[in-house]
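The chain contents come next:
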Amino acid sequence: MERNICLAHVNAVNKSTLNYVKLFNFFLYGSISILLSFFPLYFQSAGFNKMAIGMLMAGGPFVSIFANPFWGYWSDRLQNIRRILVIMLIGNLIIVQFVFQFDSMVWAFIAMLCFFLFQTPLFSQSNSLILNTIEGTSYKFGSFRLWGSLGWALLAVAVSPLIDWIGIDNLWIVYSAMLFLTILFTIKLPTGKLEGTKKIAKGGYGQALFGNKYFLVFVLLGVLISVPNSMNQTFNSLYIDQLGGSVVLIGWAAFLTAIFEVPVFLLFDRYLKRNIPVMIGCLIVVSLLFVLRWYLMSIAVSPVQIIFIQMLHSISFGGYYYIGTTLTAELIPVELRASGQAVYALTWGGISGIIAGFFGGWLFGTLGPQVMYQVSTGIALFGAVGFSLLWIWIRKDARYQVKAGSERVEL
């Protein structure tokens, strides 16, 4: 069945289509980078305190718990990821106009909840589109996803002087313009449909998605790794600002965060094998790199130090993101790929984001950023231990040893 899907799909893929997928990811990630890098500063300028900013940003992860499975389900049901992406982008563009109009905490929070309903699943669905588009071809996931990293890095640093010039209050103009460009590139995207996929029997959706015990443990451990990362994403710009850094420096921090993901993705494309025990072993190493990263952040004393520490993001989060996406594609049936990626997205943008927003906001505002990163170091260490135990457990499972060594079409 899988081989038939691959052969039918290869004929539908052409070079022009693949280029549009790359450009779409470039502008999608670039647009979100602009928003997330400067959103906390915007809310601070609007008069919100650190705890309130944490609550506003935590609304997105809370909504994503429902939004990711919801949009993932409809992508799988309709077998048209492009249509779902267009709906989410248009909804995103419309609702964000209201977000920037409210200075009341209540109304701003409600507007953010609506906004995140359309924004948070964008990355997981774009990943599913890439995986489905290249299914059965010689192309690799990283060579497409790296365009997202380029967009995240280049657009954030490119527009930071503009935002500094026009004022943080006009952030909505820059974001809306970039999002409109992103929507234009959806016109010639592939639908993401895989011919020949079997339908899940009625009532079997949950079993097919959550029936793998290793996937469930992987998701739970992913929360431990992602909580510190979400806290850093939410409060990093405020940390730089607190240490005397400028808006332009924040843009450079976003640049260095993402630009070195490009060689990381290319290296994983070349050397990472679709061997489940090996991938989990790689997650142990990545988790330890997170431990090092948060420890260095806890002892940083200048904004320049933070900017250089952010370079570790490429191998820590970049590695976790790539390996986790590939591991999810291995553990979840192909006909539920969009839903599987949506559940995986909850680990680094859903449950972890809620904890990061409230707990991180309290730590940052009450005990200071140094303590927040010390706590992050401990959480990441627990995650590394958990992945070590999972690696020992799964190596004893003969099913995955056989599956991992079998000949399969690589990403």
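Further up the page is the structure itself.
Numbers given to residues run from 1 along each chain, matching the order in which its sequence is written. Note on the predicted model: pLDDT of at least 70 is required for a residue's local features to be given, and 80 or more for side-chain atom pairs to be given and counted; whole-chain, interface and lining totals, by contrast, use all residues. The side-chain numbers reported here are obtained from all heavy atoms of the structure, hydrogens and water having been left aside.

Observations concerning the environment of isoleucine 163
Numbering goes from the N terminus for both helices and strands, where a helix is a DSSP run of H or I of at least four residues and a strand is a run of E of at least two. Within the secondary structure, isoleucine 163 is located in helix H7 (residues 141-166). Summary of the burial criterion: residues with accessible area below 20% of their type's maximum are buried, those above 50% are exposed, and those between are partly exposed, where the area comes from a 1.4 Å probe applied to protein chains only. Taking relative accessible area as the criterion, isoleucine 163 reaches 2% and is therefore assigned buried. Residues isoleucine 163 and isoleucine 173, ten residues apart in the sequence, show an inter-C-alpha distance of 9.6 Å. Every residue in contact with isoleucine 163, bar those within four places of it in the chain, is listed here: Ile34, Phe38, Ile168, Leu171 and Val174. When checking whether two residues touch, look at their non-hydrogen atoms; a contact exists if any pair is within 4.5 Å.

Some points on a nonpolar patch on the surface
Judged by side-chain polarity, Met51, Ile351, Ile355, Phe358, Phe359, Trp362 and Leu367 come together as a nonpolar surface patch covering roughly 580 Å² of accessible area. Considering every element that reaches the nonpolar patch, the biggest residue donor is helix H17 (residues 351-367), with six residues. By the secondary structure assignment, phenylalanine 358 is in helix H17. To count toward a patch, a residue needs a relative accessible area over 30% and no salt bridge; like charges are then connected within 9 Å, while nonpolar side chains (Val, Leu, Ile, Met, Phe, Trp, Tyr) are connected within 5 Å. All accessibility values rest on the Shrake-Rupley procedure with a 1.4 Å probe; residue burial counts only the protein chains present in the view. The working definition used for a salt bridge is a side-chain nitrogen of Lys or Arg within 4 Å of a carboxyl oxygen of Asp or Glu.

As for the packing of aromatic side chains
In this scheme Phe, Tyr and Trp rings, the latter by its six-membered ring, pair at centre separations within 6.5 Å, and the angle between planes marks the pair as stacked below 30 degrees, edge-to-face above 60, and tilted otherwise. The full count for this structure, using the stated rule, is 33 aromatic pairs. A centroid spacing of 4.2 Å and a plane angle of 5° characterise the contact between tyrosine 29 and phenylalanine 123, whose relative ring orientation is stacked. Taken together, the residues tyrosine 29 in helix H2 (residues 15-45) and phenylalanine 123 in helix H6 (residues 122-133) connect sequence positions 94 residues apart. With a relative accessible area of 2%, tyrosine 29 lands in the buried category. For phenylalanine 123, a relative accessible area of 9% puts it in the buried group. Arranged with centres 6.4 Å apart and planes meeting at 90°, the rings of phenylalanine 39 and phenylalanine 115 form a pair that is edge-to-face. In this pair, phenylalanine 39 sits in helix H2 while phenylalanine 115 sits in helix H5 (residues 105-119), placing the two residues 76 residues apart along the sequence. Through a chain of ring-to-ring contacts, the aromatic side chains of Phe39, Tyr42, Phe43, Phe48, Phe100, Phe115, Phe116 and Tyr175 assemble into a single cluster. By the criterion adopted, a ring carries a charge over it if an Arg CZ or a Lys NZ lies within 6 Å of its centre and within 35 degrees of its normal. Directly above the aromatic system of phenylalanine 144 lies the positively charged group of lysine 22, at a separation of 5.4 Å from the ring centroid. Sitting over the ring of tyrosine 321, arginine 145 keeps its end group 4.4 Å from the ring centre.

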